[in-house]
Amino acid sequence: MRAKYIPTIASQSLGRAWYHSLEHKLSLCEQYGFESIELFFEDLDGAANSLPASHPPSPPGTSFASSSHAQEKQLAAARYIHELCIRHKLEILCLQPFMHYEGRLDAASHQAAIQNLHFWIRLAHILGTDLIQIPSNFLPASEITDDREKIVADLREAAHIGLQSSPPVRLAYEALCWGTHIDTWDAAWSIVLEVNQPNFGTCIDTFNLAGRVFADPASATGLTANAYQETQKSIAKLRSELPFAIEKVFYVEVCDGERLDQPLLPGHEWYNPEQKPRMSWSRNARLFPFENPGYLPALEVLEAVCEAGYTGHISFELFSRTANMPDQEVPKEHAQRAATAWRRLERYMKWNRSATPSEDERSSPATVTTSESSC
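These numbers were taken from a predicted model, which means no experiment stands behind them.

Let us look at the confidence of the model for the protein. Chain-level statistics for the protein give a pLDDT mean of 91 and a share of 89% at 70 or above. Mean pLDDT in the protein bottoms out at helix α12 (residues 359–362), which sits at 46, and peaks at strand β5 (residues 170–174), which reaches 99. Predicted confidence is poor over residues 54–66, with pLDDT under 50, and the contacts of this stretch with residues over four places away or in other chains come to 19 contacts.

Turning our eyes to something else, we now look at the state of the cysteines. Cysteine pairs can be covalently joined through their sulfur atoms, and such a bond is termed a disulfide. A full pass over the atoms with the stated rule returns zero disulfides. The thiol of Cys29 is unpaired, and the distance to the nearest cysteine sulfur, on Cys85, comes to 8.3 Å. A relative accessible area of 3% means that Cys29 is categorised as buried.

On to the pairing of strand β3 (residues 91–96). For a regular strand, the rule is simple: side chains alternate between the two faces of the sheet. Burial within β3 is extensive, with five of its six residues counted as buried. The sheet contact formed by strand β2 (residues 36–40) and β3 spans five bridges and is parallel. Looking at the pairing, Leu39 lines up with Leu95 of β3.

Here the focus is the packing of aromatic side chains. The description of two aromatic rings rests on the distance between their centres and on the angle between their planes. With the rule as written, the count across this model stands at 17 aromatic pairs. Geometrically, the ring pair formed by Phe40 and Phe319 is edge-to-face, given 5.6 Å between the ring centres and 70 degrees between the ring planes. In this pair, Phe40 is assigned in strand β2 and Phe319 in the loop between β10 (312–316) and α11 (330–349), connecting sequence segments 279 residues apart. Here the aromatic rings of Phe41 and Trp120 are separated by 5.2 Å at their centres, their planes lie at 15 degrees, and the arrangement is stacked. Of this pair, Phe41 sits in helix α2 (residues 41–48) while Trp120 is found in helix α4 (residues 107–127), placing the two residues 79 residues apart along the sequence. Its relative accessible area of 13% is what places Phe41 among the buried residues. Each residue in the set Tyr5, Phe34, Phe288, Phe316, Trp342 and Trp351 is aromatic and connected to the rest through ring pairs, giving one cluster.

The computed volume of the largest pocket comes to approximately 470 Å³. Forming the walls of the largest pocket are 28 residues, and the residues nearest its centre are Pro97, Phe98, Met99, His100 and Pro135. Residue assignment for the lining of the largest pocket shows that the elements contributing at least two residues are α2, α4 and β4 (131–135). Tallying contributions element by element places α4 first for the lining of the largest pocket, with five residues. Of the residues that constitute the lining of the largest pocket, the class distribution is 14 nonpolar, six polar and eight charged.

One can describe the packing of helix α3 (residues 68–87) onto α4 by two numbers: an axis separation of 8 Å at closest approach and a directional angle of 25 degrees. One way to sum up the angle between α3 and α4 is to call them roughly parallel. The two elements α3 and α4 meet at a crossing, and its hand is right-handed. Contact with α3, carried on its side by Gln71, Gln74, Leu75, Ala78, Arg79, Ile81 and His82, involves Phe119, Arg122, Leu123, Ile126 and Leu127 of α4 and no other residues of that element.

Calculation rules
- Numbering of residues starts from 1 in each chain and follows the order in which that chain's sequence is written.
- Selection of residues for local features in this predicted model requires a pLDDT of at least 70, selection of side-chain atom pairs for listing and counting requires 80 or more, and totals for whole chains, interfaces and linings are taken over all residues.
- In computing side-chain values, all of the structure's heavy atoms are included and hydrogens and water are not.
- Known as pLDDT, the predictor's per-residue confidence is scaled from 0 to 100.
- Secondary structure follows DSSP: runs of H or I at least 4 residues long count as helices, runs of E at least 2 residues long count as strands, and numbering of each begins at the N terminus.
- Here, two residues are considered to be in contact whenever any of their heavy atoms come within 4.5 Å of each other.
- Here, the term disulfide refers to a pair of cysteine sulfur atoms separated by no more than 2.5 Å.
- Relative accessibility thresholds used throughout: buried, under 20% of the residue-type maximum; exposed, over 50%; partly exposed, between the two (1.4 Å probe, protein chains only).
- Strands qualify as paired when DSSP identifies two bridges or more between them.
- Two rings from Phe, Tyr or Trp (for Trp, the six-membered ring) form a pair when their centres sit within 6.5 Å of each other. Planes less than 30 degrees apart are called stacked, planes more than 60 degrees apart edge-to-face, and all others tilted.
- Note on definitions: the grid is 1 Å and covers protein atoms alone; a cavity is a set of points where a 1.4 Å probe fits but cannot get out; a pocket is an open set with protein on both sides within 12 Å along at least five of seven lines; lining residues have an atom within 4 Å of a point.
- Grid points are joined across faces, edges and corners, and a volume is the space filled by probe spheres set on the points.
- Following the grouping adopted for this structure description, the nonpolar residues are Ala, Val, Leu, Ile, Met, Phe, Trp, Tyr, Cys and Pro, the charged ones are Asp, Glu, Lys and Arg, and the polar ones are all others, Gly among them.
- Fitted lines through C-alpha atoms serve as axes, helices being fitted only where they are in contact, and the angles separating the N-to-C directions of these axes extend from 0 to 180 degrees.
- An angle below 35 degrees is treated as roughly parallel, one above 145 as roughly antiparallel, one from 65 to 115 as roughly perpendicular, and anything else as oblique.
- By definition, turning the near helix anticlockwise from the far helix through less than a right angle yields a left-handed crossing, and turning it clockwise yields a right-handed one.

Rendered as structure tokens:
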């Protein structure tokens, strides 16, 4: 009988494609007990450009969406990855991220995105997954609208395309904490409910949820102005609303984030004027659950979602400066960290009924109580 909660990890969590091969990372997933992966598109692209010489790599800067040659490489890579995952007894939960889709102001740009979605569905079919993740759009406000009717219509169109494919493909809409217009889990949730299609749901990400209502890396405190009150409200809303449509939660991602020593403002080593601070923080400073110096209420969010009735894939989606390093030991080190975090998570959540949480796990910084008295 399959476990109620399935240990899953995003492929880039074990290292980036330009330094670390997908073959090695998939082998480590099997070795360290993960049963499923989120396939990051970057890894599919990396596999495509590593195919034998009979399949020459795409020229630098080529967009696979507009290049039939590059598309053929992507399709070949999808077949190869599917075979690798079978060999390593790994399910592919989803292909992600299908970025910058909803709300585009330019009609031609929207049509190009739709054509790209059709191609991603082909990739998903070959990979053997029925799920594509769509993160909320973070293009500049000059390029995308905040008009809810347009956003819902675009996502409903995508859902219809997925539903009409054979076999049907599901779409998981996720709010990024730096999204231009949709940056909270409940904003994404309300859109999912309004789209109202059987194949359209959400991914709830503890980092992105807490990274918006609780954390502010540009603040000297690392917190939003009303961090504890807003987090309490958000968790209460998870508990009250999810049970009525829990089938719309397609999967859950769990990661923590570092509290920074200095606010992420001009002068900080990670500051990028072309990115919102939360995006720069996310790309450099995510942590696996229970790791220091994590400070987000990630486990309280997870508890609320599970108590609302969620079962299924629990995924570690890590972005980190450590994953960006070229050191060849990075994938193994990250796999070991992830496996340790999963064991601790199982004990803490009592998913393994034969074990109980140890005292150090219950007092981990990752289990921030959402009241000011815990400061």
